[in-house]
Structure formats: C-alpha cells, structure tokens
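Residue-level structural notes
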Amino acid sequence: MQVKIKCDSTGRAVCLSKEGFVYIGRGSDIFCSDFQEKTFVVAKVPRQAVQKLIEPFRLLCRLLRHEIRTFSILSDGTKIASTRQGVYFSEPHTLLLRPAVLRQGSIFVKPPMTITVDSNDRVLWGEYWGNSERRAVRLFISEDKGRTYEPVYEFKRGEIKHVHNIFEDTYENCYWVCVGDHGREPGIIRVGKNFDSFDWVVRGEQRYRAVNLFIFRNSIIYATDTEKDYNGIYVLDKLSCKVEKIRDIPGSSIYAAKFGKWYAISTSVEYFEKYENNKATLLVSSDALHWHQVYEAEKDIWSKRYFQFGSIVLPRGQWEKDTLIFSGQALEEIDNKVCIVEIVEQ
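Figured I'd write up the structure that's included with this text. Think of each chain on its own: its residues are numbered from 1, step by step along the sequence as written. Totals for whole chains, interfaces and linings use every residue, but because this is a predicted model, local features are given only for residues with pLDDT of at least 70 and side-chain atom pairs only at 80 or more, for both listing and counting. Water and hydrogen atoms were dropped before computing side-chain values, which therefore reflect all heavy atoms in the structure.

**Description of the overall build of the protein**
Each helix and strand counted, the protein has 3 helices and 30 strands in total. Throughout, radius of gyration means the C-alpha value; the globule benchmark is 2.2 Å times the number of residues raised to the power 0.38. In terms of overall dimensions, the protein is globule-like: its C-alpha atoms have a radius of gyration of 19 Å, near the 20 Å expected for 346 residues. Projecting the C-alpha coordinates of the protein onto the three principal axes gives extents of approximately 45 × 45 × 35 Å. Among the 346 residues that make up the protein, the fraction classed as buried is 57%. Here a residue-residue contact requires only that any non-hydrogen atoms of the pair lie within 4.5 Å. Here the analysis covers contacts within the protein between residues at least 6 apart in sequence; of these, 49% occur between residues at least 24 apart. Values of accessible area rely on a 1.4 Å probe in the Shrake-Rupley scheme; residue burial ignores everything except the protein chains shown. Of the roughly 15,300 Å² of accessible surface on the protein, 48% is carried by carbon and sulfur atoms. By the counting rule applied here, Lys and Arg register as positive and Asp and Glu as negative, while His and the ends of each chain are not counted. Here the site of a charge means atom NZ of a Lys, CZ of an Arg, CG of an Asp or CD of a Glu. The average position of the 49 basic charges and that of the 46 acidic charges among the side chains of the protein differ by 3 Å. Only runs of H or I of at least four residues qualify as helices and only runs of E of at least two qualify as strands under DSSP, and these elements are numbered from the N terminus. Type-normalised accessible area, obtained with a 1.4 Å probe on protein chains alone, sets the label of each residue: buried when under 20%, exposed when over 50%, and partly exposed for intermediate values.

This is how it looks when you write it as structure tokens:
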C-alpha cells in the first residue's frame, strides 16, 4: 500500500461534508473547498482584538490556541462552530456567527472539544477543559439547531475530568459518550436518546479512554488517547461489553474519520510516560479491523507544552470519496498545511 500526498493549502481541516467539500479553519474564518476550482469563505467566528493581531503569526496562534475547534452545517444551512472561547451559530446564508445562548445557571460553561449533530439536527456536546479542581461536568443539548443550549446531564464533582465526544448510534437508537481521563474517570457510556438511561459500559482503565468511535451494528472500534500507558486500537462488543485489542499504535489518538471505503486514525506526539516517540502517524483500514500505517511526520522543534502536541489532524465527519484529508499541527514541513492523500493499493 502506497500513498500520494500533496500539501498545497494552508489552515486546519475541521469538517467534511457528504457532498464532497472540506471546511478549513484559517484564523477566525472558515473556508469551503473542493480542492479543484472552488475555495470561498462560508463563516466568520467573532474574534477579540488580540486574536486579530496574532493571526499573521503562526507560533503565537499555537501558543494561545487560537483556532476553530469544531464546525458543522445543519440540514437547513444553519452553521455551528466552537473555539476555546465559546459556541457559535449563524442563520442560513449569514456569514458572521454569533454566540449561542447557554443556559448555564450559576456555573460558567466550558466550551467543548467536539460537537455532535445527530440525524434529527439535535446538537450535543460536553464540557472540556483542564478541570484540575474536578468540578462537575455537564452535557448540553440544543433542540433549536444550535441557537440555545440546555444542560441535559451533570456528572458529579470528581466523577470525570471532562467529556471527549458524543456519538449517535442509529442501530440502537442511543448515544455513546466518551469521557476521561485518569483513575475511575475514563470510560464509554451508553445514553438513551431521551437521556432516560445512562449506563457505563466500560470504565476505569486507560484502554477505555477514547475520543472517537467507529460504530457498527454489533461492535464499536476505537483507538485510545492516553499518555499514561501504551496505546492501541480496540473492538468493543456491544452485547457482551468485552473489549479486545486489535493492534498497538505508536501514540495517542485524538482524531479519526471515514473517507469513502477508508477508515482513518491518526496518532499524536505528547509526553508519554512509558515510551518515547517523536512521530505522528496515519493509519488506514478498509474494514476497521486490519490497519496499515501509511504516513508519519516528525514533531517540530517547538515545545509540546507551549506550542501544541504534534498531530495529524483529521476532520470530523465523513464523505463518500476515497481521498483522505488531514492537517499538520506542530509537525515538520506540514504545520498548518492541509494535505490531500490518495491511497494506491498494490
């Protein structure tokens, strides 16, 4: 298996559309591209004066984590996005996003790492931040396409550190919630569509610490995101709740996506406690069971702590084309570049 890679565009690929477009964050702006003829601005996230000043300087953007975290377009054209500063939306055909209304009570809301739009245009996410004090963590839901959010569930103080992601399971008409990080905190939870049931399926081990899931009729496949232990790709049987390792991977996995027939997982470079690795990798599979490493990139010279982990950033979502898209973060030669990958099977 060989790959052909072209990295001609700049930015951070944040989202795929089933229509064959990729959405790219550049500073506070979001562009839509088909990588052929069309690249145009589709959304602008509100920015502070300091963010406007630093946007021309890549290292300052990395230091201050100035980037679009998530972006999605709902079925009616409503746009939603999030950054470290907040959660936003815009009406269809409107360029400038504005802050969504968050029903937060007396506790300030922490913006999410990921946002999920389900098949009925429900928007869901959980709070994500360092949470050293182990404050209570909430799940939020919007029933009006991202305009307002209500807390729908609250993890008790000390129960988890933060929420990584939420996934819709159309086979079982439920959601799966991934949480982290240490001790009893990491796990995968099955939640009823009406949030009337809440079951910890696996919990309390680093092998249950996941950010992304590939959901099948009878199983779930995921890669681990841990700096505490060795990382791997696992299969979780929905009926028995047994977890088996498929293979080891050389780093923590924060990103995964589906490109046509290809499942893709990437790994990152961070501070690992049991081993050293300075290369981010890209793995692909046609069945999510047999994986092949097809690309790697070296961490650049800048501090992981201050100037971000080295990551191959895969956009959220999926499309029908077999072409892969990823962005480089803090990696030699491909930092802040959007790369197109064609896989050649031999």
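**Comments concerning the side chain of Lys 258**
Mapped onto the secondary structure, Lys 258 falls in strand S23 (residues 252–259). Salt bridges, as used here, are contacts in which a Lys or Arg side-chain nitrogen is within 4 Å of a carboxyl oxygen on Asp or Glu. Put simply, Lys 258 is tucked away with no salt bridge, and the nearest opposite charge, on Glu 320, sits 6.8 Å away. Two N or O atoms form a polar contact when they lie within 3.5 Å of each other; inside protein one atom must be a possible hydrogen donor and the other a possible acceptor, and for residues adjacent in sequence the pair counts only when both atoms belong to side chains. A distance of 2.3 Å separates a polar atom in the side chain of Lys 258 from the backbone oxygen of Gly 260. Once residues within four sequence positions are removed from consideration, Lys 258 is found in contact with Leu 16, Phe 214, Tyr 263, Gly 317, Gln 318 and Trp 319.

**Here we look at the pattern of salt bridges**
A full pass over the atoms with the stated rule returns 29 salt bridges. For Glu 91, the salt bridge is made with Arg 98, and the minimal N-O distance between the two is 3.8 Å. Arg 98 sits in the partly exposed class, given a relative accessible area of 41%. Through salt bridges with shared partners, a single network forms among Arg 58, Arg 62, Lys 299, Asp 300 and Asp 335.

**Some thoughts on a nonpolar patch on the surface**
Candidates for patches are residues over 30% relative accessible area with no salt bridge; among them, like charges are joined within 9 Å and nonpolar side chains (Val, Leu, Ile, Met, Phe, Trp, Tyr) within 5 Å. Taken together, the side chains of Val 50, Phe 57, Leu 60, Leu 63, Leu 64 and Tyr 306 make up a nonpolar region of the molecular surface, amounting to roughly 560 Å² of accessible area. You can see Leu 60 is positioned in helix H2 (residues 58–63). The exposure class assigned to Leu 60 is partly exposed, which follows from its relative accessible area of 36%.

**Focus on the pairing of strand S26 (residues 292–298)**
Inspection of the sheet shows strand S25 (residues 279–285) paired to S26 by 6 bridges, in the antiparallel sense. Pairing of Leu 283 across the sheet is with Gln 293, part of S26. A loop of 6 residues connects S25 with S26, the two strands running antiparallel in sequence, and Ala 288 in this loop sits at a positive phi of about 70°. By the convention used here, strands pair only if DSSP detects at least 2 bridges between them.

**Observations concerning the environment of Thr 170**
Mapped onto the secondary structure, Thr 170 falls in the loop between strand S15 (162–169) and strand S16 (174–180). Exposure remark for Thr 170: the relative accessible area of 58% places this residue in the exposed category.

**Here we look at the sheet that holds strand S22 (residues 243–249)**
Pairing is antiparallel in the open sheet, where 4 strands are placed in the order S19-S20-S21-S22. At either end of the open sheet lies a strand with only one pairing partner, and these are strand S19 (210–215) and S22. Taken pair by pair, the neighbouring strands of this sheet meet at an average axis angle of 25°, ignoring direction. Where helices are involved, their axes are fitted lines through C-alpha atoms of the stretch in contact, as for all axes, and angles between N-to-C directions lie from 0 to 180°.

**Structural notes on the nonpolar core**
Buried Ala, Val, Leu, Ile, Met, Phe, Trp, Tyr and Cys residues that are joined via side-chain atoms within 4.5 Å together make up what is termed a nonpolar core. In this structure, Phe 259, Leu 282, Tyr 295, Leu 314, Leu 324, Ile 325 and Phe 326 are the most contacted members of the largest nonpolar core, which totals 33 residues. Sort the elements by how many residues they give to this core and strand S30 (residues 337–344) lands first, with 5 residues.

**Notes on the side chain of Thr 224**
For Thr 224, the position within the fold is in strand S20 (residues 219–224). Here Gly 232 takes part through its backbone nitrogen, which lies 3.0 Å from a polar atom of the side chain of Thr 224. When sequence neighbours within four positions are dropped, the list of residues in contact with Thr 224 reads Gln 206, Arg 207, Arg 209, Tyr 230, Asn 231, Gly 232, Tyr 234, Ile 249, Gly 251, Ser 252 and Ser 253.

**Remarks on the pairing of S16**
Across the 7 residues of S16, 7 count as buried, placing the element largely inside the fold. The alternating pattern of S16 places Cys 174, Trp 176, Cys 178 and Gly 180 on one face and Tyr 175, Val 177 and Val 179 on the opposite face, and all of these are buried. In this sheet, S16 lies alongside S15 in antiparallel orientation, the contact comprising 7 bridges. For Glu 168, the partnering residue across the bridge sits in S16 and is Tyr 175. Two elements, S16 and strand S17 (residues 187–192), share 6 bridges in a ladder whose sense is antiparallel. Bridge pairing in S17 places Cys 174 opposite Gly 192.

**As for the state of the cysteines**
Throughout, a disulfide means two cysteine sulfur atoms within 2.5 Å of one another. Counted by the stated rule, this structure contains 1 disulfide. Here Cys 7 connects covalently by a disulfide to Cys 339, the sulfurs 2.1 Å from one another. Classification of the bridge connecting Cys 7 and Cys 339 rests on its S-S torsion, roughly 110°, and on that basis the disulfide is right-handed. Of this pair, Cys 7 sits in strand S1 (residues 2–10) while Cys 339 sits in strand S30, and the two are 332 residues apart along the sequence. Of the residues examined, Cys 339 reaches a relative accessible area of 0% and is grouped as buried.

Any functional reading would require information that these geometric values do not contain.
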